[in-house]
Amino acid sequence: MKIVLPEVASFIIETLENNGFECFAVGGCVRDSLSGRNVNDWDFTTNATPDEIENCFSSFTTIDIGKKYGTICVVIDNKNYEITTYRTDGDYADSRHPDSVTFSTTLSDDLSRRDFTINAIAYNDRVGLVDEYNGIRDLELGVIRCIGDPDVRFTEDALRILRALRFASTFGYSIEHNTSVSIINNRDRLSMVAPERINKELSKLLCGDHVDFILRRYRDVIAVFIPEVSSMFGFDQNSKHHNKDLWRHTVSAVKNTPPDEVLRTTMLLHDIGKPMTVFNDKKGASHFPNHQKLGAAMATTILKRLKYPSYFVNDVNTLIENHDNRIKPDTAEIKRYMRDLGTNIFSMLLSIQRADILAQSMYKREEKIGTLDKVLSEYLRILESDECYSLDSLAVNGKDIIHLGVQSGEIIGKILSELLNKVIEGKLPNTKEALLFYAKNII
Ligand code: ATP
Ligand code: MG
């Protein structure tokens, strides 16, 4: 196992060393380069204090992103690099930041504050790998293992519980037995963690290749910060369309969806309205009238509580509200969707519908997928053609209508959308002459 530092990382380390300090690449970057994964960002740890770091990089822009916690960000070629002073952390009473950090002079102290063995490996070209907790062995074994006593570490900062699940989900690693038991025992502590920290880890967890295993095995952990999911556990759907209970269906739908955080969060919550809307018909089959609408509203409440950005909440809401729509492979219908949802959300809708169908029983599967395929190919055809489906591509605009003598105001929008409807329905060609002629008549 060897590490080839990018030039900029060597530059940062050498700059500190030339000023008489120690510096190591540490954490995720070392972990990921040892295991041949793409490195997201290079982080560094040093015995220089924040002021000393700023002095060493005085010819660069530096950003004080948390001097109190020892972190200075250096901007090189428009990229940010975080350099943090060796430190040991106190408790995380507000579960956001450690209450107090103590700067230290030894790399060993700094490594001991880190969460898992695989995240506590340091490297520089001069010293080589520093691996005091057998992180390299655990990388080879594919194991997430706490440094020290898991109960103590999860009590200090409960976010580590979710981080363990996130790494297991993305890397497909197993969670070492004591760490796993402690995750279950300490899960309630997650309710004290700041929602902004939870949502970042949850998104990464959901986008992991092994998310299905984690959501099944650790569902009670998810239920700590989304208690609404527990009504899905073991919930019998009682329908020909389904061969799994609601949670297993949900997990399979998440896994079938491309690894995008909006899509996967949508699938996690898409059927959350089912348990509250269930009704059994005379034959004993269950139905869930309006579960899309209730589910969309519940998802909005959940995601706002977890402080997701509003674009994210809105997208998930729209997708859940529409997830069960039976879209016909009909040109006008598809254009109406493209107009109303926008092409971005519409293509996301098609993608989650496919994932949903593939998580259901085989009952009518071929028919459902066949229809969806036709919708998709007609949608792609419309996109590639220059056929009009939105006001942007309509052959007339507001100014043209004003030229006809209409006072500007709300009426202009009404006329334009009436014209767009006619074009979408195929009742008018999308040409200026035809549209203006028709507009004159309705005015
Ligand atoms: P990613 O690849 O997603 O960035 P990462 O492991 O680098 O994963 P970061 O949040 O960037 O995660 O954290 C960098 C390093 O800081 C971690 O590898 C770990 O050593 C340490 N760390 C981060 N969060 C915690 C925490 N809550 N408790 C202890 N150590 C942590
Ligand atoms: Mg990182």
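Treat the numbers as computed from the prediction; the structure is a model and nothing was measured.

*Asks:* Help me understand the overall build of the protein in this model?
*Replies:* Per the secondary structure count, the protein includes 22 helices and 13 strands. Across its three principal directions, the C-alpha atoms of the protein cover 85 × 60 × 35 Å. Considering only contacts in the protein between residues 6 or more positions apart, those separated by 24 or more positions represent 63%. As presented, the protein carries roughly 20,900 Å² of accessible surface, and 48% of it is formed by carbon and sulfur atoms. Looking at the protein, you have 54 positive and 63 negative side-chain charges, and the mean spots of the two groups are 8 Å apart.

*Asks:* Quick question: what am I supposed to make of the sheet that holds strand S5 (residues 79-85) here?
*Replies:* Sheet strands pair via backbone hydrogen bonds, and the direction of the pair is either parallel or antiparallel. Taken together, 7 strands build an open sheet; the order of strands is S3-S4-S5-S2-S1-S8-S9 and the sheet is mixed. The open sheet has two edge strands, strand S3 (61-66) and strand S9 (128-130), and neither has a second partner. Taking each pair of neighbouring strands and ignoring which way they run, the sheet shows an average axis angle of 30 degrees.

*Asks:* What is the right way to read the pattern of salt bridges from this model?
*Replies:* Pairing is possible between side chains that carry opposite charge, provided their charged atoms lie close to one another. Tallying each qualifying case throughout the model produces 29 salt bridges. In this structure, the salt-bridge partner of Arg-137 is Asp-138, at a minimum N-O distance of 3.2 Å. What makes Arg-137 partly exposed here is its relative accessible area of 35%. Under the relative-accessibility criterion, Asp-138 is labelled buried at 0%. In this structure, Asp-157 and Arg-197 form a salt bridge, with 2.9 Å as the shortest nitrogen-oxygen distance. Of the two residues, Asp-157 sits in the loop between helix H6 (150-156) and helix H7 (159-171) while Arg-197 sits in helix H9 (residues 195-206), which places them 40 residues apart along the sequence. Accessibility assignment for this pair places Asp-157 and Arg-197 in one class, buried.

*Asks:* Please explain the pairing of strand S1 (residues 23-26) as it appears in this structure.
*Replies:* On S1, burial covers both faces: Cys-23 and Ala-25 on one face and Phe-24 and Val-26 on the other are all buried. The sheet contact formed by S1 and strand S8 (residues 122-124) spans 2 bridges and is antiparallel. Residue pairing across strands places Ala-25 opposite Tyr-123, the latter belonging to S8.

*Asks:* Help me out: how do you make sense of the packing of helix H13 (residues 261-269) against helix H16 (residues 310-322) in this one?
*Replies:* Axes are the key here: two packed helices are described by the angle between their axes and the distance separating the axes. Between H13 and H16, the least distance of the axes is 9 Å, while the angle of their chain directions is 50 degrees. In terms of orientation, H13 and H16 fall into the oblique class. Handedness of the crossing formed by H13 with H16: right-handed. Between H13 and H16, the residues in contact are Glu-261, Val-262, Leu-263, Thr-265, Thr-266 and Leu-269 and Tyr-311, Phe-312, Asp-315, Val-316, Leu-319 and Ile-320, respectively.

*Asks:* What is the right way to read the packing of aromatic side chains from this model?
*Replies:* Pairs of aromatic rings are described using the distance from one ring centre to the other and the angle between the two planes. As enumerated under the stated definition, the model contains 11 aromatic pairs in all. Centre to centre, the rings of Phe-235 and Phe-288 are 6.3 Å apart; their planes meet at 55 degrees, and the pair counts as tilted. A residue pair is termed long-range when its members are at least 10 positions apart, and Phe-235 in the loop between helix H11 (219-225) and helix H12 (246-256) and Phe-288 in the loop between strand S13 (286-287) and helix H15 (291-305) qualify at 53 residues. Residues Phe-235 and Phe-288 agree in their burial class; the two are buried. Aromatic ring contacts, followed pair by pair, group Phe-116, Phe-167, Phe-171 and Tyr-173 into a single cluster. The ring of Phe-171 has Arg-37 sitting right over it, with the charged end atom 3.7 Å from the ring centre. The aromatic ring of Tyr-218 is capped on one face by Arg-217, whose charged end is 4.8 Å from the ring centroid.

*Asks:* Please explain H13 as it appears in this structure.
*Replies:* Quick reminder: α-helices carry 3.6 residues per turn. Residues three or four places apart thus point the same way. For H13, a buried count of 8 out of 9 residues is recorded, marking the element as mostly surrounded by other parts of the structure. Residues of H13 that are buried include every one of Val-262, Leu-263, Arg-264, Thr-265, Thr-266, Met-267, Leu-268 and Leu-269, and no others. Buried-residue contacts for H13 involve H9, helix H10 (211-217), H12, H15, H16 and helix H18 (343-358). Of the residues flanking the start of H13, the one acting as N-cap is Asp-260, its side-chain oxygen 3.0 Å from the backbone nitrogen of Val-262.

*Asks:* Which parts of the structure should I look at to understand the pairing of S5?
*Replies:* Within a regular strand, side chains alternate between the sheet's two faces. In terms of strand pairing, strand S2 (residues 43-46) meets S5 through 4 bridges, oriented parallel. Along S5, the bridge assignment pairs Asp-43 with Glu-82. In the sheet, strand S4 (residues 71-76) pairs with S5 via 6 bridges, with the strands oriented antiparallel. Counted as the bridge partner of Cys-73 is Glu-82 from S5. Here S4 folds back onto S5 in antiparallel fashion, the turn holding 2 residues, of which Asp-77 has a positive phi close to 50 degrees.

*Asks:* Sorry if this is basic, but what is going on with the packing of H12 against H18 here?
*Replies:* Two elements in contact, H12 and H18, have axes separated by 8 Å at closest approach and are oriented at 135 degrees. One way to sum up the angle between H12 and H18 is to call them oblique. With respect to the hand of their crossing, H12 and H18 are arranged in right-handed fashion. Across from His-249, Ala-253 and Asn-256 in H12, the residues of H18 making contact are Ala-355, Asp-356 and Leu-358. For the contact of H12 with H18, the class distribution of residues is 3 nonpolar, 2 polar and 1 charged.

Conventions we followed
- Residues numbered from 1 in each chain as written.
- Chains lettered and ligands numbered in written order.
- Predicted model: local features only at pLDDT ≥ 70, side-chain atom pairs only at ≥ 80, totals over all residues.
- Heavy atoms only, no water.
- Helix = DSSP H or I, 4+ residues; strand = E, 2+ residues; numbered from the N terminus.
- Contact = heavy atoms within 4.5 Å.
- Areas by Shrake-Rupley, 256 points an atom, 1.4 Å probe, with all protein chains shown as cover.
- Lys, Arg positive; Asp, Glu negative; His and termini not counted.
- Charge placed at Lys NZ, Arg CZ, Asp CG, Glu CD.
- Pairing = 2+ DSSP bridges.
- Axes fitted to C-alpha atoms, helices over the stretch in contact; angles between N-to-C directions.
- Salt bridge = Lys/Arg side-chain N within 4 Å of Asp/Glu carboxyl O.
- Buried < 20%, exposed > 50% of the residue type's maximum accessible area, 1.4 Å probe, protein only.
- Parallel < 35°, antiparallel > 145°, perpendicular 65-115°, else oblique.
- Left-handed = near helix turned anticlockwise from the far one by under 90°.
- Phe/Tyr/Trp six-rings, centres within 6.5 Å; stacked < 30°, edge-to-face > 60°.
- Lys NZ or Arg CZ within 6 Å of the ring centre and 35° of its normal.
- Polar contact = N/O pair within 3.5 Å; in protein donor to acceptor, adjacent residues only side chain to side chain.
- Nonpolar A, V, L, I, M, F, W, Y, C, P; charged D, E, K, R; others polar.

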